[in-house]
Amino acid sequence: MTNKLKFSLLAVVFLLGYSSLSFELIVLRQLINFVGSNTLITSIVITFILMFMSLGYYLGSVINLSKNKLRKLIQKMIVVLGIIFVVASSYYVMEVYFIFLYFLNIKGFLLPVSLYCLFFIAVPSVFMGFITSAIGRIIHRYDTNYTGRFMAVDTFGSVAGSIGTTLVLMPFLSVSATIMVLVGLTSACLLIICHKKEKLPSLILLIVFLIFCYLLNNENLIYGTNYLIKDDAVSRLEIVPEDVVGNQAQSLLMKINGSHSSKISADSSLMFNYIKFINDNFIKTMNDDKIYDILVLGAGGFTVGIDDTKNNYTFLDVEKKLQTIAEEKFLQKPLSKNKKFIYQDAYLFMLNDKNKYDLIVVDVFSSVQSIPLNFVTADFFQMVKNHLKNGGIMIANIITSPDFKNKFSQRLDNTMRAVFMHNLSRQVLQFGNELSNVEYVYYNLPTDNEIYTLNKSSAMYGQDS
């Protein structure tokens, strides 16, 4: 085996190592838009990739083919990999998939994610494992001492795929550009492994894949719109005209990771019910002779207290560019001077912040399908309670069953009442839906454990007693 051939085969192994990790991370990022993010979803995706890649490793170790037939088989597999990578990584293909499952009444995330992995991840994982194993056999045949270096190249490719995808490409370019890089590098394996006379057709095929990838990830071409503001490792953010009368939009809707996050309109009746509930019943009723300190966990489109220029607001969110985007594209004006934005995880902020607030709004549920695990625990709500001033109020906007028809709604209610044992109310803003915005309101006031009985009741003195 010549050094040129050896390095060519190692280059393919490196690129496949890169592709396997990059593909996994892209799929996980896209799934956030539809099923949220938690360790169980990550576990399902990793399980399918490793399980079927192991099958590929085995098949590549036992198959007996001549060198030319093996080369042809690997080339065909690379072509299939390019096609599947384009389709499986596309936000819009994934959107159609989940809409289709919704019409079939397949909900939740365990079955949809598992089926997605079976349809779109199993085959490429087998192929990547097969190609890597087969190349390893070829190299080992000529140099039995090369196994460690071969494995090192494969692992280093995976490391490069992890770093390049999440730390470089997604943050500085976009998810769609990252998909094009994935498809381009995978397709480049064809150029490396094919015969000289096949170089031109392979190059043409690579260009076709890139064009196909661009077309399948371009919102303007698919929907005829260009509402996508950003799409990177942190979030997919869109601002969409809503409530169109004639050709005039009455509202703007901010969507984060595929879910409705905030809505703004000159007509307050068109805004989200829970925002109207907070603004009308708590912000607008505050005393004019006092400046209140208000903390909003989950800034969204900065619509909590949108018209309040008096009280002090602190907005938190994990989207670093949220204020700039909101001011330029959503609010279309700068935040008033009484409002500041902090780019930080709300849980970490609450751990380290020493200030207390008159009002804390917990609005960290980004969608109906995504449960923020850190923010539904007794530990978190105890921190919120500890940050309230005497007489302070907490309002938690939770997307859950309004009539306790699922375990989550019941256990969350148990959690809330374990922390806020007194002075806690639950306000359902809209019945009739399986899931709805439910507002938990807690008043940090002195407690009274006495109850009324037939034997002892001071209620005779009225509600002033």
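Structure: see above.
Residues numbered from 1 in each chain as written. Predicted model: local features only at pLDDT ≥ 70, side-chain atom pairs only at ≥ 80, totals over all residues. Heavy atoms only, no water.

### Comments concerning the nonpolar core
Ranked by internal contacts, the top residues of the largest apolar core, which has 64 residues, are L31, V45, V113, I121, I131 and I135. Non-local contacts of I135, meaning those with residues more than four positions away in its chain, are made with L9, V12, V13 and F150. One finds I278, A326, L331 and I395 within the second-largest nonpolar core, a separate group that totals 37 residues. (Core = buried A, V, L, I, M, F, W, Y, C linked by side-chain atoms within 4.5 Å. Buried < 20%, exposed > 50% of the residue type's maximum accessible area, 1.4 Å probe, protein only. Contact = heavy atoms within 4.5 Å.)

### Focus: the side chain of N218
Secondary-structure assignment places N218 in the loop between α9 (199-216) and α10 (219-223). Look at N218 and you get buried, because its relative accessible area is 15%. A distance of 2.9 Å separates a polar atom in the side chain of N218 from a polar atom in the side chain of Y214. Within polar-contact distance, the side chain of N218 engages the backbone nitrogen of N220 at 3.0 Å. (Helix = DSSP H or I, 4+ residues; strand = E, 2+ residues; numbered from the N terminus. Polar contact = N/O pair within 3.5 Å; in protein donor to acceptor, adjacent residues only side chain to side chain.)

### Some thoughts on the packing of helix α1 (residues 3-35) against helix α4 (residues 91-103)
Between α1 and α4, whose axes approach to 10 Å, the crossing angle comes to 40°. Judged on the interaxial angle alone, α4 and α1 are oblique. Here α1 runs over α4; the crossing is right-handed. Contacts from V27, Q30, L31, N33, F34 and V35 of α1 reach α4 at Y91, M94, E95 and F98. A breakdown of the residues in the contact of α1 with α4 according to their chemical character gives seven nonpolar, two polar and one charged. (Axes fitted to C-alpha atoms, helices over the stretch in contact; angles between N-to-C directions. Parallel < 35°, antiparallel > 145°, perpendicular 65-115°, else oblique. Left-handed = near helix turned anticlockwise from the far one by under 90°. Nonpolar A, V, L, I, M, F, W, Y, C, P; charged D, E, K, R; others polar.)

### Considering the environment of P372
Counting through the fold element by element, P372 comes out in the loop between β8 (357-362) and α14 (378-386). Setting aside residues up to four positions removed in sequence, P372 forms contacts with V364 and F365.

### Regarding the pairing of strand β10 (residues 424-428)
Two faces belong to every sheet, and in a regular strand the side chains alternate between them. Going residue by residue along β10, you find L424, R426 and V428 tucked away on one face and S425 and Q427 left uncovered on the opposite face. Sheet topology note: the β10/strand β11 (residues 436-443) ladder contains five bridges and is antiparallel. The partner of V428 across the bridge, within β11, is V438. (Pairing = 2+ DSSP bridges.)

### So, helix α6 (residues 122-142)
Residues that lie three or four places apart on an α-helix share one face, since the helix turns once every 3.6 residues. An ideal rise of 1.5 Å per residue puts 30 Å on 21 residues; α6 measures up with 31 Å between its terminal C-alpha atoms. With 16 of 21 residues buried, α6 is to be regarded as a mostly interior element. (Expected span 1.5 Å × (residues − 1).)

### Overview of a nonpolar patch on the surface
Together, L200, L203, I204, I207, V208, I211, Y214, L215, L221, I222 and Y223 line one region of the surface with nonpolar side chains, adding up to about 1,000 Å² of accessible area. Among the elements that line the nonpolar patch, the one with the most residues is α9, at eight residues. Its place among the elements puts Y223 in helix α10. (Patch = residues over 30% accessible without salt bridge, like charges linked within 9 Å, V, L, I, M, F, W, Y side chains within 5 Å. Areas by Shrake-Rupley, 256 points an atom, 1.4 Å probe, with all protein chains shown as cover. Salt bridge = Lys/Arg side-chain N within 4 Å of Asp/Glu carboxyl O.)

### Digging into the pattern of salt bridges
Enumeration according to the criterion identifies twelve salt bridges in this entry. Here K230 ties to E319 by a salt bridge, and the two come within 2.8 Å at their closest N and O atoms. In this pair, K230 sits in strand β1 (residues 228-231) while E319 sits in the loop between β6 (312-317) and α12 (322-330), placing the two residues 89 residues apart along the sequence. For the pair shown, K230 and E319 are each scored as buried. A salt bridge links R236 to E238; its shortest N-O distance comes to 3.6 Å. E238 matches R236 in its accessibility class, with the two residues each being buried.

### Here's the deal with unusual backbone geometry
For D243, which is not a glycine, the phi torsion comes out positive at approximately 50°. Looking at where D243 falls in the secondary structure, it is placed in strand β2 (residues 236-245). Phi is positive for F404, which is not a glycine, with a value near 60°. Here F404 is to be found in the loop between β9 (388-400) and α15 (407-419).

### Brief notes about α14
What α14 keeps buried is the set F380, F381, M383 and V384. Seen from one end, α14 has its buried residues packed into an arc of 150°, which puts them on one side. Buried-residue contacts for α14 involve β5 (293-297), α13 (346-352), β8, β9 and α15. (Arc of directions from axis to C-beta.)

### Regarding the environment of G300
Along the polypeptide, G300 turns up in the loop between β5 and β6. With 19 residues separating them in the primary sequence, G300 and E319 have C-alpha atoms 9.3 Å apart. If sequence neighbours within four positions are ignored, G300 has contacts with M254, S261, S262, D317 and L322.

### A few points about the sheet that holds β2
Taken together, the four strands give an open sheet; going across it, the order is β1-β2-β3-β4, and neighbouring strands pair in antiparallel fashion. In the strand order of this sheet, the two ends are held by β1 and β4 (259-265), each with one partner. Direction aside, neighbouring strands of the sheet carry axes that sit 25° apart on average. Direction of pairing for β2 relative to strand β3 (residues 248-256): antiparallel, over a ladder of eight bridges.

### Focus: the sheet that holds β11
To summarise the sheet geometry, strands pair through backbone hydrogen bonds and adopt either a parallel or an antiparallel arrangement. Sheet architecture is open: seven strands sit in the order β7-β6-β5-β8-β9-β11-β10, paired in mixed fashion. Where the open sheet ends on each side, the last strands, each with one partner, are β7 (339-343) and β10. In this sheet, adjacent strand axes meet at a mean angle of 15° when their direction is disregarded. The pairing of β5 with β6 spans five bridges and is classified as parallel. Bridge pairing links D293 to N312 in β6. Along the sheet, α14 contacts β5, β8, β9 and β11; its crossing angle with β9, the most-contacted strand, is approximately 145°.

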